[in-house]
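# Overview (structure and organization)
For reference, the chains in residue letters:
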Amino acid sequence: MERLPALLDRAEKSATTSPGKEGVFASLIVDRQGLIRAASPAAERLLHAPPGGLVGRHCGFSCSPGEESEIDIPLTHGERLKAIIHCTLTEWEGEAACQITIKAQPGRRNVFHGNELLRALVAYSPLAIIATDLSGCVTLWNLAAVQLFGRSDVEMRGEKLPTQAASHGESLYDLFERVMGGESLHGVEVNGLLHEDGTPLELEVWATRMNNERGLPSGVLMMFGDISSRKRIEAHIRRVVGHDLLPGLPNRRQFQKQLQRLLKHKKQGEMLPTLVLQLGLDRFRTINKSLGPSNGDQLLREVSRRLAEALYETDLLARTGGDEFSILLRGTHQIEDGARVADRLRQRLAEPFLIAGQEVFVTASVGVAVAPDDGLEAEDLIRAADSAMARAKEQGGDSVQFFTRELDAQAKNRLVLENALRHAIDRQELFLAYQPKVDLVRRQVVGVEALLRWRHPEMGLIPPASFIPLAEHCGLIEPIGLWVIEEACRQLHAWDRAGLPPLSMSVNVSVRQFRNNDLRDQVHLALARHHLAPERLELEVTESMLMRNTPEAIRMLERLKSLRVRLAIDDFGTGFSCLSYLADLPVDTLKIDQSFVRGADGQIRNPPIVRAICTLASGLGLRTVAEGVESRQQLDYLASQGCDEVQGYLFAPPLSPEALAEGVLSGRLGALPAA
Ligand code: C2E
Ligand code: MG
Ligand code: MG
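A brief report on the enclosed structure follows. Just so you know, these numbers come straight off a predicted model, no measurement behind them. (Residues numbered from 1 in each chain as written. Chains lettered and ligands numbered in written order. Predicted model: local features only at pLDDT ≥ 70, side-chain atom pairs only at ≥ 80, totals over all residues. Heavy atoms only, no water.)

### What to know about the overall build of the protein
Summing up its helical and strand segments, the protein has 24 helices and 27 strands in all. Counting the 675 residues in the protein, one finds 47% classified as buried. Here the contacts in the protein between residues at least 6 apart in sequence split such that 59% fall between residues at least 24 apart. (Helix = DSSP H or I, 4+ residues; strand = E, 2+ residues; numbered from the N terminus. Buried < 20%, exposed > 50% of the residue type's maximum accessible area, 1.4 Å probe, protein only. Contact = heavy atoms within 4.5 Å.)

### Some thoughts on the sheet that holds strand S13 (residues 316-321)
Read across the sheet, five strands follow the order S13-S14-S12-S17-S18 without closing on themselves; strand pairing throughout is mixed. Edge positions in the sheet fall to S13 and strand S18 (400-402), since each of these pairs with one other strand and no more. Across this sheet, the average inter-strand angle for adjacent strands is 20°, counted without regard to direction. (Pairing = 2+ DSSP bridges. Axes fitted to C-alpha atoms, helices over the stretch in contact; angles between N-to-C directions.)

### With respect to the coordination of the magnesium ion (ligand 3)
Within the protein, the atoms that donate to the magnesium ion (ligand 3) are Asp570 (OD), Asp571 (OD), Glu627 (OE) and Glu627 (OE), at distances of 2.0 to 2.4 Å. Here the donor residues of the magnesium ion (ligand 3) are spaced in sequence according to D-D-x55-E. Between the magnesium ion (ligand 3) and the magnesium ion (ligand 2) the interatomic distance amounts to 4.2 Å, and aspartate 570 serves as a bridging ligand to the pair. Here aspartate 570, found in strand S24 (residues 566-572), pairs with glutamate 627, found in the loop between strand S26 (623-626) and helix H23 (632-640); they are 57 residues apart in sequence, far enough to count as distant. The exposure classification of aspartate 570 matches that of glutamate 627, with both residues buried. (Donors = N, O, S within 2.8 Å, 3.2 Å for Na, K, Ca; no water.)

### Re the sheet that holds strand S10 (residues 200-211)
Pairing is antiparallel in the open sheet, where five strands are placed in the order S8-S7-S11-S10-S9. In this open sheet, the two strands that pair with only one neighbour each are strand S8 (138-141) and strand S9 (185-194). Going across the sheet, the axis of each strand differs from the next one's by a mean of 30°, ignoring polarity. As paired strands, strand S7 (residues 128-132) and S8 are joined by three bridges and run antiparallel to one another. In the sheet register, alanine 131 faces S8, and the bridge partner there is leucine 140. Strands S7, S8, S9, S10 and strand S11 (217-226) of the sheet are contacted by helix H6 (residues 172-180), whose axis makes an angle of about 130° with S11.

### Some points on the environment of aspartate 496
By the element assignment, aspartate 496 lies in helix H15 (residues 477-497). For aspartate 496, a relative accessible area of 26% puts it in the partly exposed group. The spatial distance from the C-alpha of aspartate 496 to the C-alpha of leucine 532 is 9.6 Å, given a sequence separation of 36 residues. Those residues in contact with aspartate 496 that sit more than four places away from it in its chain are Pro502, Leu532 and Arg536.

### Brief notes about the site of ligand 1
The environment of ligand 1 is made up of 23 residues, and the closest members are Arg453, Asp570, Gln594, Glu630 and Tyr649. Within the side chain of glutamine 594, a nitrogen or oxygen atom sits 2.6 Å from an oxygen atom of ligand 1. Between tyrosine 649 and ligand 1, the recorded distance is 2.8 Å, taken from a backbone N or O atom to an oxygen atom. For ligand 1, the protein covers 83% of the area, taking 790 Å² as the surface of the free molecule. Within the residue set of the shell around ligand 1, elements represented by two or more residues are strand S20 (444-456), helix H14 (464-474) and S24. The element contributing the most residues to the shell around ligand 1 is S20, with four residues. In the shell around ligand 1, the residues fall into nine nonpolar, six polar and eight charged. (Near = heavy atom within 4 Å. Polar contact = N/O pair within 3.5 Å; in protein donor to acceptor, adjacent residues only side chain to side chain. Areas by Shrake-Rupley, 256 points an atom, 1.4 Å probe, with all protein chains shown as cover. Nonpolar A, V, L, I, M, F, W, Y, C, P; charged D, E, K, R; others polar.)

Function-wise, these values are silent; they only describe arrangement.
Here you go:
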């Protein structure tokens, strides 16, 4: 008689080494009554039983010696075991017995028949689900696990959990051991687990020990969620919140926090002046556009590097806007040092940058604010430095400006005005005045320019120069500009119906409106709504608008021109046009800026320029309109130079629609005043 371990061992070995017989092999000794008398460890694993747990149980299936048959028996958790069994006669403790070899087919084990819901849950779970037996061999490996770990279920079933891990991390097998040791894991982040290709995974794990129906441990169930993308986003947020992405500098929030901390500290002790600088690059948008965004980023990195080099290590440099930097000078308390440091920074930036093999020149505007004079709170100081910088920019850039009370008053004033302007359209406080344009050959009014007016109930009439830049700044110019186009078209149609000769209507277009792709459709709609031929409308854009990004400006002009409206360049001569572009622009008219026309004592202020513009326009086949004509001498000079139209107080100031209509119909407006 043989002892069981040897007997079973041999049976299992012979089965596994037989050619073509792959799978999990296990052996049982079953007596005549069908009771299990002995079981190999593999059989215990296969049947979900703890060590020694099968002995004495009914085997649950029958077979005839010498035959192979297929069995299908229920296991725990709704699983069923499908296997081929082979039975041979043997002897056990002096009695005849059967030795049963069980061969479980990979892929057929663990098929859920009993519980479709559970099967579907496991199969479709987005979590990787792995179950093992007591020895850490895989009994379940769902699709998400295949995807997460890069190993197929066929490969893994029946195999021990992998023991390899990334350095200092835990392997799947380590986790199994922790859980077998009595630990339960609830959403614990683990590191060390590896994808088949060696990539470390960032996972969250839930794991528990499973028991069989008798309450004995039967293995481990683990579920894994992939948190690598969440981790990436978290790291990103940390970087963004804490540091600005691009040059790796603190951002506005951090700057403000540190400044506030310093000011708070100072408030308690002696208060030496604290200096805050706000530095903005001039014309960065244009530079960025011409360089392209990635080169623009490189330029900003270089700029921040130079700024950092030019400062003391104790100073704080932060990037607080697309092309703006805030600087807290910690080492200096002399107000004059603010200007000195600002100049040093500007000098460092004045050296050309080499970006993508190209020399790039940059200038900067710097605003300086000083605590305690300009504020005791971080927010106030930053705002003060900001408005000082804005002033430096307004004055042409490339300079340093200290914050002043006057600036503060202006900023507050602006805020009040901006709020009032928000309601101006609804409250019908805006209206248009119309200034006639007189044809010098025909000596009659041929058109008008619509000029925006704002009558505020308390502040009275506010000149466009005060509120248009503001409307531009806060974005209100777009709805306002749209209203102007509508209203001007409506008025022109009303004059048509009132029997006026067909005048042309000039409307000023702001930078923001001009850049808006909707402008063409807005104009088209207004013309259609008021039954106007497109040639009746002339849009005025300033020369400086065209110089900012000329290829883009040409594209926009061409879009507008496709409507067949007329286009004029306003304030011509002040924007330093690159004359070679002029021939490419689809414009019809040049408006000579009044600064060249209006001189002392009614003289022409700058005859050579006026003459040059007239010659240029006639050479290019463009019409000329002179603005600001106030005297007979100016008019005569313009006529002698072949200027086509004039506009100015000599004929009329901007008028109400009624006064304009009356003046045109009576013929009074076009008539030349007596010399
Ligand atoms: P602009 O388009 O160059 O308009 C000509 C300005 O010169 C007008 O000033 C007009 O009243 C003034 N003017 C005309 N003739 C004479 C004169 O003989 N002597 C003097 N001293 N001035 C004269 P206004 O109406 O104050 O407009 C100023 C600027 O505001 C305009 O300059 C234009 O750039 C802007 N603006 C006016 N209305 C609008 C509008 O509806 N939209 C936009 N975007 N800008 C507008
Ligand atoms: Mg104009
Ligand atoms: Mg003008």
